[in-house]
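What follows is each chain in one-letter form.
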Amino acid sequence: CAMGQAVGTAAAIAVKKGTGPAEIVSHITELQQTLLRDDAYLPWVRQTFSDVTRNARLESSQGNPEPVRDGINRPVGDEPHSWTHSQGDWIAYLFDRNTMISTVTLVLDSALDRLVALSLHQEDDQLRSTPGVMPKSFRIEGLVDGKWRELASIQENHQRLCHSPVESDLDGIRFVLDKTWGAEESKMYAFYVD
């Protein structure tokens, strides 16, 4: 799967650039960053984020939120690369000035530490339904004139990689967890804006 995703993405970039397959090497950084934005895992390669994401003040209701913009969007070895949160917790970017935000992207907890089900008939501890740690419902809110306003409400979420269009001038943006699929805590691996 990973090789298929990489080859397909490389082919799309080659077509867009009007180059042949051999010339994709000169666009390797673009290829790598495109794959990372699509939630591929490339060992030793960090995702880069927009200036808006890197320069914004990052705050959370609890814990250290900084791992959501460290560019590694999954646990690696003993390093969780995540912000741990519970129902009602929030994480926010606050901007120095009113800023146009097109999209907010989240990489959420899909229980990568567990086995993924290959069959409903296997007799082991593989997942057979949405992991309890996955956020089920959450909100994206924007800060406008000193007040947080709901921009999107996501219900019955099953996705690890979530893109939400915003297209608004904002002083800040935040994620608020309303409910998981059953676990007391969840992790967020990335939170960034464009």
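Just so we're clear, the structure is a prediction, and the values are computed from it rather than from any experiment. Note that residues are indexed from 1 along each chain, following the sequence as it is written. For a predicted model such as this one, the threshold for reporting local features is a pLDDT of at least 70, and the threshold for listing and counting side-chain atom pairs is 80 or more; totals across whole chains, interfaces and linings nevertheless cover every residue. The basis for the side-chain values is all heavy atoms of the structure; hydrogens and waters are excluded.

### Looking at the pairing of strand S1 (residues 57–60)
In step 1: The cut-offs for exposure are 20% and 50% of the maximum accessible area for each residue type, with area from a 1.4 Å probe on protein chains only; residues under the lower value are buried, those over the upper are exposed, and the others partly exposed. By definition, any uninterrupted DSSP run of H or I lasting at least four residues is a helix, any uninterrupted run of E lasting at least two residues is a strand, and each is numbered from the N terminus. Only one face of S1 is buried: it carries Leu58 and Ser60, and the other face, with Arg57 and Glu59, is open.
In step 2: Where S1 lies against strand S3 (residues 90–108), 4 bridges are found, and the strand directions are antiparallel. For Arg57, the partnering residue across the bridge sits in S3 and is Leu94. At least two DSSP bridges between two strands are required for those strands to pair.

### Topic: the environment of Lys16
In step 1: If you trace the backbone, Lys16 turns up in helix H1 (residues 2–17).
In step 2: By relative accessible area, Lys16 is classed as exposed at 61%.
In step 3: Each C-alpha atom of the pair Lys16 and Pro43 lies 26 Å from the other, and the pair is 27 residues apart in sequence.
In step 4: Residues adjacent in sequence count toward polar contacts only when both atoms are side-chain atoms; beyond that, a polar contact is any pair of N or O atoms within 3.5 Å, and within protein one must be able to donate a hydrogen and the other to accept it. Within polar-contact distance, the side chain of Lys16 engages the side chain of Glu30 at 3.1 Å.

### Re H1
In step 1: Expected helix span is taken as 1.5 Å per residue step, with the number of steps being one fewer than the number of residues. In a regular helix each residue adds 1.5 Å, so 16 residues correspond to 22 Å; H1 covers 22 Å between its end C-alpha atoms and thus fits that length.
In step 2: Listed as buried for H1 are Thr9, Ala10, Ile13 and Ala14. Buried residues in H1, looked at end-on, bunch into an arc of 140°, giving them a common side. Of the exposed residues in H1, the ones pointing more than 90 degrees away from its buried face are Gly4, Val7, Val15 and Lys16.
In step 3: Whether two residues are in contact is decided by their heavy atoms: any pair within 4.5 Å suffices. Buried residues along H1 sit against helix H2 (28–37).
In step 4: Taken from the residues just after H1, Gly18 is the one with a positive phi, measuring 70°. Directions are taken from the helix axis to each C-beta atom, and the arc is the one they span.

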